[in-house]
Amino acid sequence: MKKAILTFIIHSSFHLVLADTCFTTFERDSTNADIIFVGKLLEVNHGIYWEGGSPTSIYTFRILESFKGLSKWRSVTSIMSPVRGCCSPHFKMDSTYLVFAFAFGPESRTAYYTNDCTLTGLLNEPETQYYYNRLGEPRKPEASSDDIGRFYERKEWLLKKELAAKDSINQDQENLQQNYKNEQKKSTYLTIALALCFLIIVFFIIQRTSAKPHNKR
């Protein structure tokens with residue numbers, strides 16, 4: 001019984017912490033965030049992943065500075081938003097942000113989320129600059145610039161693949177339409193041929209009937 005009560009308290013506390021993130025503090029976010037970094041937004045994919053029954057967006061950043069949780073070789077990372085019932089932080093392309101992101105659970109260190117209930121914000125805003133200055137010495141990624149090149153190469157490859165898939169679908173549709181037209185032509189030709197056969201048969205019947213001698217009375 002005590003174990004069940006303790007489990008309930010822990011579970012309830014976890015949800016209270018999540019609900020309280022709208023009134024978060026620097027101490028809370030800097031402690032609880034699994035990754036903290038400064039990044040420039042490279043790519044946005046809206047509504048491509050479902051979490052908790054709702055569509056979320058994927059934001060991909062180029063890492064400029066890292067404060068927590070990211071390998072020094074990591075130069076690009078992606079996070080989800082909005083998650084946990086809060087709004088999207090309204091990221092803008094090519095803008096630079098200080099991002100506080102959280103893993104989905106203690107077992108997950110590959111998928112992260114953020115939202116407007118965190119201290120995530122544009123780096124050039126005074127409030128965000130205040131939090132940035134409190135984070136201490138940043139670490140710049142040591143990955144080569146080739147990583148960014150590979151990111152754009154993969155993005156271009158995915159785009160070409162998507163276009164090729166669309167072209168294939170369009171080609172299939174054109175083939176279906178052409179086959180349909182061909183079948184219509186065949187049906188028309190068959191109908192004409194049958195009509196001609198019928199007329200020829202009628203013509204021969206009439207000819208034979210008119211060629212028979214009339215009986216004299």
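Thresholds applied
Residues numbered from 1 in each chain as written. Predicted model: local features only at pLDDT ≥ 70, side-chain atom pairs only at ≥ 80, totals over all residues. Heavy atoms only, no water. Buried < 20%, exposed > 50% of the residue type's maximum accessible area, 1.4 Å probe, protein only. Helix = DSSP H or I, 4+ residues; strand = E, 2+ residues; numbered from the N terminus. Arc of directions from axis to C-beta. Contact = heavy atoms within 4.5 Å. Pairing = 2+ DSSP bridges. Core = buried A, V, L, I, M, F, W, Y, C linked by side-chain atoms within 4.5 Å. Salt bridge = Lys/Arg side-chain N within 4 Å of Asp/Glu carboxyl O. Polar contact = N/O pair within 3.5 Å; in protein donor to acceptor, adjacent residues only side chain to side chain. pLDDT = per-residue confidence, 0-100. Phe/Tyr/Trp six-rings, centres within 6.5 Å; stacked < 30°, edge-to-face > 60°. Patch = residues over 30% accessible without salt bridge, like charges linked within 9 Å, V, L, I, M, F, W, Y side chains within 5 Å. Areas by Shrake-Rupley, 256 points an atom, 1.4 Å probe, with all protein chains shown as cover.

Participant: So what's going on with helix 3 (residues 126–134)? Which residues, and what values?
Facilitator: Helical geometry note: an α-helix holds 3.6 residues per turn, so side chains three or four residues apart project in the same direction. The set of residues buried in helix 3 consists of Thr128, Tyr131 and Tyr132. Projected down its long axis, helix 3 carries its buried residues within an arc of 105°, all on one side. Facing away from the buried surface of helix 3 by more than 90 degrees, the exposed residues are Pro126, Glu127 and Asn133. Looking at the buried side of helix 3, the elements it contacts are helix 2 (26–32), strand 1 (35–51), strand 2 (54–68), strand 4 (96–103) and strand 6 (121–122).

Participant: Break down the pairing of strand 3 (residues 76–81) for me, with residues and values.
Facilitator: In terms of residue burial, strand 3 counts as a mostly covered element, since five of its six residues are buried. When strand 2 meets strand 3, the two strands line up antiparallel, connected through six bridges. Following the sheet pairing, Tyr59 is matched in strand 3 by Ile79.

Participant: So what's going on with unusual backbone geometry? Which residues, and what values?
Facilitator: Look at Asp94: it is not a glycine, yet its phi comes out positive at around 65°. Assessed through its relative accessible area of 52%, Asp94 is described here as exposed.

Participant: Which residues make up the nonpolar core, and what are the values?
Facilitator: Ile36, Val38, Phe67, Leu98, Phe100, Tyr132 and Leu135 are the most contacted members of the largest nonpolar core, which has 16 residues in total. Elements with a minimum of two residues in this core: strand 1, strand 2, strand 4 and helix 3. Of the residues forming this core, the biggest block, three residues, is contributed by strand 4. Setting aside chain neighbours within four positions, we find Phe100 in contact with Asp29, Ser30, Ala33, Ile35, Ile36, Tyr113, Thr114, Thr118, Leu119, Thr120 and Leu135. Judged by nonpolar contacts, the second largest core, of 14 residues, contains Phe37, Leu41, Ile63 and Leu70.

Participant: Requested: an account of the pattern of salt bridges, with residues and values cited.
Facilitator: Applying the stated criterion across every chain, the model contains two salt bridges. We note a salt bridge from Lys72 to Glu142, for which the minimum N-O separation is 3.9 Å. With a gap of 70 residues between them, Lys72 in the loop between strand 2 and strand 3 and Glu142 in the loop between helix 3 and helix 4 (146–211) connect regions that are remote in the sequence. On the basis of relative accessibility, which here comes to 33%, the residue Lys72 falls in the partly exposed class. Here Glu142 falls in the partly exposed class, since its relative accessible area comes to 45%.

Participant: Break down the side chain of Ser81 for me, citing the residues and quoting the values.
Facilitator: Summarising the element assignment, Ser81 is placed in strand 3. Classification of Ser81 as buried rests on a relative accessible area of 0%. A distance of 3.1 Å separates a polar side-chain atom of Ser81 from the backbone oxygen of Thr114.

Participant: So what about the pairing of strand 4? Which residues, and what values?
Facilitator: Strand 4 sits mainly inside the fold: seven of its eight residues count as buried. As judged from the two bridges shared by strand 4 and strand 5 (residues 112–113), these two strands associate in the antiparallel manner. Among the inter-strand pairings, Phe102 is bridged to a residue of strand 5, identified as Tyr113.

Participant: Residue-level account of the confidence of the model for the chain, with values.
Facilitator: On average, residues of the chain score 76 in pLDDT, and 74% of them reach the 70 mark or higher. Note that residues 1–21 has pLDDT below 50 and, in this model, five contacts with residues that lie over four places away or in other chains.

Participant: Quick rundown of the packing of aromatic side chains? Include the residues and the values.
Facilitator: Counted by the stated rule, this structure contains nine aromatic pairs. Their ring planes at 10° and their centres at 6.0 Å tell us that Phe26 and Tyr131 sit as a pair that is stacked. Note that Phe26 is positioned in helix 2 and Tyr131 in helix 3, a separation of 105 residues in sequence. Residue Phe26 shares its accessibility class with Tyr131, and that shared class is buried. On the basis of an interplanar angle of 80° and a centroid distance of 6.3 Å, the ring pair of Phe61 and Tyr97 is categorised as edge-to-face.

Participant: Residue-level account of a nonpolar patch on the surface, with values.
Facilitator: On the surface, a nonpolar cluster with roughly 900 Å² of combined accessible area is contributed by Tyr189, Ile192, Leu196, Phe198, Leu199, Ile200, Phe203 and Phe204. Among the structural elements, Phe204 can be located in helix 4.

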